[in-house]
Amino acid sequence: MQDWFDQIDINQYLPSALSWATNILLALLILIIGFWIAGRVGKSIRNAGERNERLDDTLFRFMGSVAKYVILAFVIIAVLNRFGVETTSIVALLGAASLAVGLALQGAMSNLAAGVMLMVFRPYRVGEFIDAAGKFGKVDEITLFTTVLQTFDNQQIIIPNGQIWGDQIINHSHHPVRGVDMHFGVAYGEDIDKARATIDKVLADHPHILKDPAPFVEVETLNDSSVDFIVRPFCEGAHYFDVRYSLPEQVKKALDAAGIEIPFPHRKVIVVNENS
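Residues numbered from 1 in each chain as written. Predicted model: local features only at pLDDT ≥ 70, side-chain atom pairs only at ≥ 80, totals over all residues. Heavy atoms only, no water.

(A) Inspection of the sheet that holds strand β8 (residues 216-222) at higher detail. If you walk across this open sheet you meet the three strands as β7-β9-β8, and the pairing is antiparallel. Of all strands in the sheet, those with a lone pairing partner are β7 (182-186) and β8, marking the two edges. Strand-to-strand twist of the sheet, defined as the mean angle between neighbouring strand axes without regard to direction, takes the value 30 degrees. (Pairing = 2+ DSSP bridges. Helix = DSSP H or I, 4+ residues; strand = E, 2+ residues; numbered from the N terminus. Axes fitted to C-alpha atoms, helices over the stretch in contact; angles between N-to-C directions.)

(B) A look at the pattern of salt bridges. For the structure shown, the criterion picks out six salt bridges. In this structure, Arg196 engages Glu218 in a salt bridge whose closest nitrogen and oxygen atoms are separated by 3.5 Å. Separated by 22 residues along the polypeptide, Arg196 in helix α7 (residues 192-205) and Glu218 in strand β8 bring together distant segments of the chain. Here Asp205 and Lys201 are joined by a salt bridge, their closest N and O atoms 2.9 Å apart. (Salt bridge = Lys/Arg side-chain N within 4 Å of Asp/Glu carboxyl O.)

(C) Just a nonpolar patch on the surface, in detail. On the surface, Trp20, Ile24, Leu25, Leu28, Ile32 and Phe83 cluster together into a nonpolar patch covering about 620 Å² of accessible area. Mapped onto the elements, Leu25 comes out in helix α2 (residues 10-51). (Patch = residues over 30% accessible without salt bridge, like charges linked within 9 Å, V, L, I, M, F, W, Y side chains within 5 Å. Areas by Shrake-Rupley, 256 points an atom, 1.4 Å probe, with all protein chains shown as cover.)

(D) Seen up close, the packing of aromatic side chains. Inspection of every chain in the model, using the stated rule, returns nine aromatic pairs. Centroid distance Phe129 to Phe152: 5.6 Å. Interplanar angle 5 degrees. Geometry classified as stacked. Placement of the pair is Phe129 in strand β1 (residues 129-132) and Phe152 in the loop between β3 (146-150) and β4 (156-160), with a sequence separation of 23 residues. With 5.7 Å between their ring centres and 25 degrees between their planes, Phe136 and Phe152 make a pair best called stacked. Residue Phe136 is found in strand β2 (residues 135-142), and its partner Phe152 is found in the loop between β3 and β4; the two are separated by 16 residues along the sequence. On the basis of relative accessible area, Phe136 is assigned to the partly exposed category, the value being 25%. Each member of the aromatic cluster is reached from another via a ring pair, and the members are Phe129, Phe136, Phe152, Tyr240, Phe241 and Tyr245. In this arrangement the basic side chain of Arg244 is found over the ring face of Tyr245, its NZ or CZ atom lying 5.9 Å from the centre. (Phe/Tyr/Trp six-rings, centres within 6.5 Å; stacked < 30°, edge-to-face > 60°. Buried < 20%, exposed > 50% of the residue type's maximum accessible area, 1.4 Å probe, protein only. Lys NZ or Arg CZ within 6 Å of the ring centre and 35° of its normal.)

Here it is in structure tokens:
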């Protein structure tokens, strides 16, 4: 055994050992610095979303995670490169895998892209009432892939963001004051000025209708059997549905009390006696 140790030339293996030790130390240093940079970049991006109330936290958390893992991927490639591993093939393999996953998840990726656009441009926010993808409700949650609506009959509707971004979006809560369009018809034989004054009084007495801007009451159409008024009072967004569903009954009662006829569809039948 002693003879075997005597035959070993330490100087022969010393350069390789030093080279491996150097590579290990550099790899550890790269890993430590890389993890630190990745954590700092991810945290900075997330903090940027938290500092500005107009920016969406979900989007910036997602972007922070993406940035962190992209940096870590480059760190791992740099570490492998220190040990002589051919990283070109690994990068090509990752690219091919990413392409395959992207094709397999094409629908999900379109929803993700739409979710990013919704969070960047913010056509609506949580708590607002919207019409989107043929559905109406209160926005309960916005994620990167879906938007969750809560309806008035207490149903939850989950809509893929791709359907929302590619269609018309109506945000009923965007402006604090809203107009409520309604139509009322009176008979041709009635006094138009009296009918307008009756409707104006109902609007003035309603607790949720604003004086400024003033309500709009004008004749819109001369129909087959009625003179149709367009009535557009204004109210705060929170009282929209109260005005929308309480005003027709109040106008009907006021017109009845004033003796103003509200016509309904009817047909006159003329019978001709051919024998005579």
